[in-house]
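What the coordinates show
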Amino acid sequence: MEELINRLVASVGIDADLARKAVGIILGFLQKEGPPPEVTAMLDAMPGARELIAEYAGAGSGGVLGGLMGMMGGGGVMGLGQQLMSAGLSMGQLSEVGKETFAFGREKAGEDAMGAIVGAIPGLSQFV
């Protein structure tokens, strides 16, 4: 996972701690919402991914907006975006982190696995 973290630091301009947190949140979301066989293949291809998920499960999910989103059923991709912004990413950084994380996933797990994950989660394709 250090390769991805270093790429995010260099390309997005965020610090390593925020990059780790963002990746942990994104991968946790994919683990929860994505198709199990493909998510398992992706996580297996990314050593250290499960540890990041465990470390950052629920990170950035607090706050008033998070509570309102939960009350209104606003999970999914919108909830993920809110979590990432609560963690400290701007809207522009959120998009860059998403694109870079999915590009890394394609490199490691392949287009078939990542395509199936993106296709199974409503609204995700517009962010990756």
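One structure accompanies this document, and this report is about it. (Residues numbered from 1 in each chain as written. Predicted model: local features only at pLDDT ≥ 70, side-chain atom pairs only at ≥ 80, totals over all residues. Heavy atoms only, no water.)

1. A closer look at the overall build of the protein chain
In terms of helices and strands, the protein chain carries eight helices and zero strands. Order of helices (α) and strands (β) in the protein chain, N terminus to C terminus: α-α-α-α-α-α-α-α. The proportion of buried residues among the 128 residues of the protein chain is 40%. A sequence separation of at least 24 residues applies to 67% of the contacts in the protein chain between residues at least 6 apart. By element, 57% of the accessible surface of the protein chain is carried by carbon and sulfur atoms, the whole surface being about 6,200 Å². (Helix = DSSP H or I, 4+ residues; strand = E, 2+ residues; numbered from the N terminus. Buried < 20%, exposed > 50% of the residue type's maximum accessible area, 1.4 Å probe, protein only. Contact = heavy atoms within 4.5 Å. Areas by Shrake-Rupley, 256 points an atom, 1.4 Å probe, with all protein chains shown as cover.)

2. Observations regarding the nonpolar core
If you look at the biggest cluster of nonpolar residues, it comprises 37 residues, and the most contacted ones within it are Met1, Val23, Leu27, Leu30, Met42, Leu84 and Val97. Of all the secondary structure elements, the ones that give two or more residues to this core are α1 (2-12), α2 (16-33), α3 (36-44), α4 (49-56), α6 (76-87), α7 (91-109) and α8 (111-120). The dominant element in this core, judged by the number of residues it contributes, is α2, at nine residues. Setting aside residues no more than four positions away along its own chain, leucine 30 makes contact with Val39, Met42, Phe102, Ile117, Ile121 and Leu124. (Core = buried A, V, L, I, M, F, W, Y, C linked by side-chain atoms within 4.5 Å.)

3. Focus on the pattern of salt bridges
In the structure shown here, the tally under the stated rule is eight salt bridges. Its salt-bridge partner being arginine 20, residue glutamate 2 comes within 2.7 Å of it at the nearest N-O pair. Of this pair, glutamate 2 sits in helix α1 while arginine 20 sits in helix α2, and the two are 18 residues apart along the sequence. Overall, the relative accessible area of 43% leaves glutamate 2 in the partly exposed class. (Salt bridge = Lys/Arg side-chain N within 4 Å of Asp/Glu carboxyl O.)

4. Side note on α1
Among the residues of α1, those classed as buried are Leu4, Ile5, Leu8 and Val12. Across the axial projection of α1, the buried residues extend over an arc of 100°, all falling on one side. Looking at the buried side of α1, the elements it contacts are α2 and α7. Just downstream of α1 lies glycine 13, where phi reads positive at about 85°. (Arc of directions from axis to C-beta.)

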